[in-house]
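An overview of the molecular structure
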Amino acid sequence: DETLRLHIPGTPVLLREALADVTLHVTGRDITAGTVVGVDMTAANRDPAVFGHDADRYDPHRADRLPERVKQYGVAFGGGPHVCLGRSLVLGRTTGLGIDGMQYLVLRALLDAGVEADPGDAPRLAASGQRHYAYFPVRFRADDPIPAEAE
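These numbers were taken from a predicted model, which means no experiment stands behind them. (Residues numbered from 1 in each chain as written. Predicted model: local features only at pLDDT ≥ 70, side-chain atom pairs only at ≥ 80, totals over all residues. Heavy atoms only, no water.)

1. A short note on the overall build of the protein
Scanning the protein for helices and strands turns up five helices and eight strands. Along the protein, helices and strands appear, N-terminal first, in the series α-β-β-β-β-α-α-α-α-β-β-β-β. Within the protein, the proportion of its 151 residues that are buried is 22%. Within the protein, contacts between residues separated by at least 24 positions form 44% of all contacts whose residues are at least 6 apart in sequence. For the protein, the accessible area works out to roughly 10600 Å², and carbon and sulfur atoms hold 57% of it. (Helix = DSSP H or I, 4+ residues; strand = E, 2+ residues; numbered from the N terminus. Buried < 20%, exposed > 50% of the residue type's maximum accessible area, 1.4 Å probe, protein only. Contact = heavy atoms within 4.5 Å. Areas by Shrake-Rupley, 256 points an atom, 1.4 Å probe, with all protein chains shown as cover.)

2. A short note on a nonpolar patch on the surface
A contiguous nonpolar patch, built from Val106, Leu110, Leu125, Tyr133, Phe136, Val138 and Phe140 and spanning about 660 Å² of accessible area, is present on the exposed surface. Secondary structure elements with two or more residues in the nonpolar patch: helix H5 (102-112) and strand S8 (138-140). You can see Leu125 is positioned in strand S6 (residues 124-125). (Patch = residues over 30% accessible without salt bridge, like charges linked within 9 Å, V, L, I, M, F, W, Y side chains within 5 Å. Salt bridge = Lys/Arg side-chain N within 4 Å of Asp/Glu carboxyl O.)

3. A short note on the pattern of salt bridges
As enumerated under the stated definition, the model contains nine salt bridges in all. For Arg46, the salt bridge identified is with Asp56, shortest N-O distance 3.1 Å. A residue pair is termed long-range when its members are at least 10 positions apart, and Arg46 in the loop between helix H2 (41-45) and helix H3 (48-51) and Asp56 in the loop between H3 and helix H4 (87-91) qualify at ten residues. Of the residues examined, Arg46 reaches a relative accessible area of 10% and is grouped as buried. Between Arg65 and Asp59 there is a salt bridge whose closest N-O contact spans 2.7 Å. Ionic contacts of the salt-bridge type, sharing partners, join the residues Glu2, Arg5, Asp54, Arg57, Asp59, Arg62 and Arg65 into one network.

4. What to know about the layout of surface pockets
Considering only enclosed or pocket space, the second largest pocket measures out at about 460 Å³ in volume. When contributions to the lining of the second largest pocket are tallied by element, the ones reaching two or more residues are strand S1 (13-17) and strand S4 (36-40). When the residues that make up the lining of the second largest pocket are grouped by side-chain class, the tally is eleven nonpolar, one polar and two charged. (1 Å grid on protein atoms, 1.4 Å probe; cavity = no way out; pocket = protein on both sides within 12 Å on 5 of 7 lines; lining within 4 Å. Points joined across faces, edges and corners; volume = space filled by probe spheres on them. Nonpolar A, V, L, I, M, F, W, Y, C, P; charged D, E, K, R; others polar.)

In short, the description is geometric, and any link to function would need to be established separately.
Here's what the structure looks like:
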């Protein structure tokens, strides 16, 4: 959950157009119909007012300090009627997997197959500057054959 909060796997910025005039409940700011509003998901997940003074730091025990209404993974999956349909699959909740979800299964299969960062080809961050990789080359060690169950 903490990794998802700090490194959103999806779109880091959402843009929405207001369909009607509205006043935001939290800030009292008026938004007129037709205004395009942007939500910086990365900044929201690192908001010290929500996640504490050390919101930029990885802390797997942060969830113990969060109010119950705050999701441990922040807004990594969106929310409300637009919540990511794959959330429960990724998190392994209500899927019957009994482990930490699909990301765990994929990572475990890759590690079992001997995946490692390619020392001859450096990863590159996305031009957006949102701490996402645009390119992350890997290789598989030749001495570690792919297990039959991963094929």
